[in-house]
Structure formats: structure tokens, C-alpha cells
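Next come the chains, spelled out residue by residue.
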2 protein chains.
Amino acid sequence: MAVKKLSRRRLLSDAGKVAAGAVIGAGILDVGLRPRALGAEKVPEWPWPYAKLDPDAVAERAYEAYYERGCMYGTFEGIVGELREKVGYPYTLIPTKMMTYGVGGVVGWSTLCGTLNGSSAAINLVTKDYDTIVNELMGWYTVTPMPIYKPQNPRVEIKTSSVSGSPICHVSVTKWCEAAGYKSMSPERKERCGRLAADVAAHAAELLNQLAAGAFAAAYTAPASVSECLACHGPDGTVGNTFGKMDCLMCHKPHG
Amino acid sequence: MAVKKLSRRRLLSDAGKVAAGAVIGAGILDVGLRPRALGAEKVPEWPWPYAKLDPDAVAERAYEAYYERGCMYGTFEGIVGELREKVGYPYTLIPTKMMTYGVGGVVGWSTLCGTLNGSSAAINLVTKDYDTIVNELMGWYTVTPMPIYKPQNPRVEIKTSSVSGSPICHVSVTKWCEAAGYKSMSPERKERCGRLAADVAAHAAELLNQLAAGAFAAAYTAPASVSECLACHGPDGTVGNTFGKMDCLMCHKPHG
């Protein structure tokens, strides 16, 4: 086959998937012949280019994606899907379905909340400052009454919000079930987690927007237990047997 | 510029980054002119093609990668880096640095162990059976004395192994610190987590190899507490306020 046998539609389609930006100003039909197009096939170095996102659009996309493949996919697709639509390449290259595993705190183990796992991966994809932004998102999650988001097309009506106190799925889900009076596999609890996906992805986008505008300032402060307990148990303490930022008193009793 | 001005080195380089497989049997110097090469720019549907990996090579790569960017990157780069070398495209498209955020149980929060987070993402990238394989890896992690791996070039000598009982970084690290008598930010503890990255990535590769050969059989069984406590607290129980697979007795006391 020679290149001239390719249809215009096929070339446009291929070019769009590879490097929408690179063909502007070049004869679209000979994109395959140009070294410039060849060069454009190279994947940009990490981090990938971020463009300011509409948190409401991210929230809505995350909510809908949650009902497709769960919480981690919900937030990752919420953010990366918007970037794919707004920026195009290179976000066309990544299969967002690879972030399904975090569902239910990793295939139902109830460890890390999947909405945080997916948002954090998206944040890490677009900025070298992922450490600061992810830390802020994790902290915000633990102290914020959620869900906040009201879907355009709610699957189920729910009214209760709760504060998780923890980024752990098990704690977060149980706190809401107890506050709302619904069981852990009820449609209401699932709806709550879908709305959480919207909230967490949208807040991640807000933080990334602030960072991109040079206007990010960390607001979260860790609970007192973290500094008090880690004074002895943390890296610089006499016991020194752990590290971390979770509220110790969620699982441990204080001792004298 | 015309394509003939491109050096052979440049073409080989570009072709290698885009579609190593697609140029076999084609004149390498005119790869840019062929519709076949254009077609290869399209990203394959998820899951991406898996090729049997050498667990020892995965382990060594994960260990070295851990010392570059931590535990989650260590296991993700351990597996995906080997696939990039063995399969080439499409593994050339994904920036593995995006999986740095899981370090220290997500930027030092000590939640989900980063070696599990990175391995699970790699597993989810290559198979629709990620649920089964990730579940097995998580379970195996909680019951296996680690580290097992002996690096070719160890940074630090360590001798102690421990059983985590949990996929949570905080628990896993503290158990080892207490068993080995080292502090949480000591070079020895970091070496332990580097070797864990090797162990977990290598076991993930073993499980994927078994799956690819049609020889995978789940071996992990959850501790008794999971079925006993969830009889009331799980989705189908009278309390029904949680779900999950972590050993309840790591944090809760049994009650009558």
C-alpha cells in the first residue's frame, strides 16, 4: 500500500489521535511524509501539559464514569477525560480503564479510597508538584463533609453527608453508612461514593487550576494526634517505629 | 524538510519509540512513508498486550527503580519497564513517573502500600482479569514473610523478614521496624521497602505469567475474622455497615 491510498478521513482520524497540534499549517494529506509528524509521535516528557479545567464538568464526568467502572476510574476519567477533550494529544494515548483496580479501596479490600487514588494518579500525570497537591487533597478529604455534589441526573436520592476522618475506604464508607442509616452495598451508599468521586475529582481540578495560576496555598493542617504521637513514634522519636499522616486516634487509644 | 534528510539513527530512534513491532519486515528507512506505520500510532485498546516476563529481571528493575522514585514507581516501572523493553510499543507511550504519588502509602500518608498500588496499576493495564490477580497479590502480601529478594547490588545489608498482616503501609512498616529493631526512616527500613518492591513486582509478574499460560489458580484465603465479623457487619449482615477484605483484628478487638 502507498500512502495515497489512505482516505482523507483515515488520515484525519490518525493524525487527530497522534498529534492534533502538529498538523496545523501542514498539508493534512501528507502528514505521514513529514518528519515533523514523525517527531510528534514521540510522547511528551512527564509531566503532561495541563489546561485549566471546569470543576463542574470534571464533577459531572467523574459521577457518570463512577457508574461505568467505579470510584478510582471515576476520578481518573473525570480529570483525564476532560483533558483529553480539551487538550487532546497526549491524553489520547492513555487507557483510563487501567485505573479500575482501585474500586472499593482496591478490588474491594477497602484500603485507600479509590476517589483519592484516581485523582492522585491524574495529579501526578500533570505536575511535578504532585506531592503538595495530593497531600492537600488527602487532608481536605478527611475533614470535609461529603458528598456535596448534586448530580444533573441523580441515580438515587440521598441527603446525608459525613466526615470520614480518614482516607481509608473502610472508615469512610462505614462512617457514612452509620450517619445515613444505609447498608454498605445499598444503592444509596453507591450513590454516595459516586457523588464523592465528583467532589474529589472536582476539588483536585480546583487545586490544579490554582497551581497553574500560581495561586495555590495549602490549607490543610494535620490533627494534633499526628504531631503528638509521632513525637515519640515518628522518624525522629525515641520509639521511631512508624511514619504517616493519618489521624492515629481513628484506630489507637491515647496512652500516658 | 523531506524524510530523506532524517538520519538512520533518528528514524531508528523514532520507529523504536512508536512501533517497534510494526517495522519488522518493512524497510526500516521508509517506515515514515507507510500507512502501516501510521496505523501503528493508534493506541491499542485496553488491555495492552502482555508478554511473559522474567520475574528476576522484574525484581531487579523494581529494586533499582525504588531508589529512583520510591515504592509505587518501583513496582510499576519494574513491570512496565520490562514490557517496554520486551514488547516496545505501546508501553513506550506511558510515562511511568506518573506513578510516583503512591510513595510511602501516598505521599507519606502511610495508607495503601505503594508496592501494591504500583503493581496493581500494571496488572490492570495488561489484563481484564485484574480483579482476580490483584486480589491474589494483596492476599499473598499480607501473609508472606518479606523481604525475600537479595539484590545484585544491595545498598544496605539487612537480615530480618516480617509478615505484614495488612496491605496498609503504616502496619507493614511498623511490623518490620519492630521485628528488625530499626527506625522508620533508617537506611535499613528503606532498603526493606526497596526489596519489597522487588518481591511484589516479581510476584505480580509470576501471577501474570500464570494467567497468560492458562495456569493461574488463586491460593489466598482470607483470615477467619473477615467472614466472622462480616457475617453481621458485611453487606448481607444485620448491621451491614461495611465491606472489605482486611483482617478486622488488626485494628478491632473481637466482641461477643
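Residues numbered from 1 in each chain as written. Chains lettered and ligands numbered in written order. Predicted model: local features only at pLDDT ≥ 70, side-chain atom pairs only at ≥ 80, totals over all residues.

## As for the overall build of chain A
Now for step 1: A tally of helices and strands in chain A yields 9 helices and 0 strands.
Now for step 2: The helix and strand sequence of chain A, counted from the amino end, reads α-α-α-α-α-α-α-α-α.
Now for step 3: Out of the 256 residues belonging to chain A, those deemed buried represent 51%.
Now for step 4: Put simply, 60% of the contacts in chain A that link residues at least 6 apart link residues at least 24 apart. (Helix = DSSP H or I, 4+ residues; strand = E, 2+ residues; numbered from the N terminus. Buried ≥ 20, exposed ≤ 12 C-beta atoms within 10 Å, placed from the backbone. Contact = placed C-beta atoms within 7 Å.)

## Remarks on the nonpolar core
Now for step 1: Within the largest apolar cluster, 124 residues are counted, with the highest numbers of intra-cluster contacts made by Ala-197, Ala-201 and Ala-204 of chain A together with Ala-197, Ala-201 and Ala-204 of chain B.
Now for step 2: In this structure Ala-204 of chain B touches Ile-79, Ser-119, Ala-122, Ile-123 and Leu-137 of chain B, once residues within four positions along its chain are discounted. (Core = buried A, V, L, I, M, F, W, Y, C linked by C-beta atoms within 7 Å.)

## A short note on the confidence of the model for chain A
Residue and element names in this part refer to chain A.
Now for step 1: When pLDDT is averaged across chain A, the result is 87; 84% of the residues are at 70 or more.
Now for step 2: Looking over chain A, one finds the lowest element-wise mean pLDDT in helix α1 (residues 8-19), namely 37, and the highest in helix α5 (residues 114-126), namely 99.
Now for step 3: Confidence drops under a pLDDT of 50 for residues 1-40, and excluding neighbours within four residues, the segment shows 55 contacts in the predicted structure.
Now for step 4: Across the predicted assembly, pTM comes out at 0.86 and ipTM at 0.85. (pLDDT = per-residue confidence, 0-100.)

## A closer look at helix α6 (residues 130-143) of chain B
Now for step 1: Taking 1.5 Å of rise per residue, the 14 residues of α6 of chain B would be expected to cover 20 Å, and the 20 Å separating its terminal C-alpha atoms lies within 8% of that figure.
Now for step 2: Listed as buried for α6 of chain B are Tyr-130, Ile-133, Val-134, Asn-135, Glu-136, Leu-137, Met-138, Tyr-141 and Thr-142 of chain B. (Expected span 1.5 Å × (residues − 1).)

## Looking at the environment of Ile-133 of chain B
Residues and elements named next belong to chain B.
Now for step 1: Locating Ile-133 in the fold gives a position in helix α6.
Now for step 2: C-alpha of Ile-133 to C-alpha of Leu-207: the two residues are 74 residues apart in sequence and 6.7 Å apart in space.
Now for step 3: Residues within four places of Ile-133 in sequence aside, it is in contact with Ile-123, Thr-127, Leu-207, Leu-208 and Leu-211.

## Re the packing of helix α4 (residues 71-86) of chain A against α5 of chain A
Residues and elements named next belong to chain A.
Now for step 1: At a closest axis distance of 6 Å, the pairing of α4 and α5 adopts a crossing angle of 30°. Our classification of the angle between α4 and α5 gives roughly parallel. The handedness of the crossing between α4 and α5 comes out as right-handed. When α4 is examined against α5, the residues Cys-71, Met-72, Tyr-73, Gly-74, Thr-75, Phe-76, Ile-79 and Val-80 are found in contact with a partner set consisting of Gly-114, Thr-115, Asn-117, Gly-118, Ser-119, Ala-121 and Ala-122.
Now for step 2: A per-class count over the contact of α4 with α5 returns 8 nonpolar, 7 polar and no charged. (Axes fitted to C-alpha atoms, helices over the stretch in contact; angles between N-to-C directions. Parallel < 35°, antiparallel > 145°, perpendicular 65-115°, else oblique. Left-handed = near helix turned anticlockwise from the far one by under 90°. Nonpolar A, V, L, I, M, F, W, Y, C, P; charged D, E, K, R; others polar.)

## Focus on helix α7 (residues 169-180) of chain B
Residues and elements named next belong to chain B.
Now for step 1: Helix length check: α7 (12 residues) gives 16 Å between terminal C-alpha atoms against 16 Å at 1.5 Å per residue, within 8%.
Now for step 2: Listing the buried residues of α7 in full gives Cys-169, His-170, Val-171, Ser-172, Val-173, Thr-174, Trp-176 and Cys-177.
Now for step 3: On its buried face, α7 sits against α5 (114-126) and α8 (187-212).
Now for step 4: Phi for Gly-181, located one or two positions after α7, is positive at around 80°.

## Digging into the environment of Tyr-149 of chain B
Residues and elements named next belong to chain B.
Now for step 1: Turning to its location among the elements, Tyr-149 is positioned in the loop between α6 and α7.
Now for step 2: Accessibility expressed as a C-beta count within 10 Å gives 21 for Tyr-149, which makes it buried.
Now for step 3: Separated by 53 residues in the primary sequence, Tyr-149 and Ala-202 place their C-alpha atoms 9.4 Å from one another.
Now for step 4: Leave out the neighbours within four places in its chain, and Tyr-149 touches Ala-59, Tyr-63, Arg-195, Ala-198 and Asp-199.

## A short note on unusual backbone geometry
Residues and elements named next belong to chain A.
Now for step 1: Cis geometry is found at the peptide bond from Trp-46 to Pro-47, where omega equals -5°.
Now for step 2: Structurally, Pro-47 can be placed in the loop between α2 (35-40) and α3 (55-69).
Now for step 3: The phi dihedral of Val-106 falls on the positive side, at around 80°, and the residue is not glycine.

## Things to note about the packing of helix α7 (residues 169-180) of chain A against helix α8 (residues 187-212) of chain A
A packed helix pair is summarised by two numbers, namely the angle formed by the two axes and the spacing between the axes.
All names here are of chain A.
Now for step 1: Where α7 contacts α8, the axes come no closer than 11 Å and their chain directions differ by 125°. In this view, α7 runs oblique relative to α8, as classed from their interaxial angle. Helix-helix and strand crossings are classified by hand; for α7 and α8 the assignment is right-handed. Contacts between α7 and α8 pair Val-173, Trp-176, Cys-177 and Ala-180 from the former with Glu-188, Arg-189 and Arg-192 from the latter.
Now for step 2: Tallied by class, residues from the contact of α7 with α8 come to 4 nonpolar, no polar and 3 charged.

## Structural notes on the environment of Gly-244 of chain A
Now for step 1: Take Gly-244 of chain A: it is sitting in the segment after α9 (224-233).
Now for step 2: What makes Gly-244 of chain A buried here is the crowd of 25 C-beta atoms within 10 Å.
Now for step 3: Along the backbone, Gly-244 of chain A and Thr-127 of chain A are 117 residues apart, and their C-alpha atoms lie at a distance of 23 Å.
Now for step 4: Residues contacting Gly-244 of chain A, with those up to four places away along its chain left out, are Gly-105, Gly-108, Trp-109, Ser-110 and His-170 of chain B.

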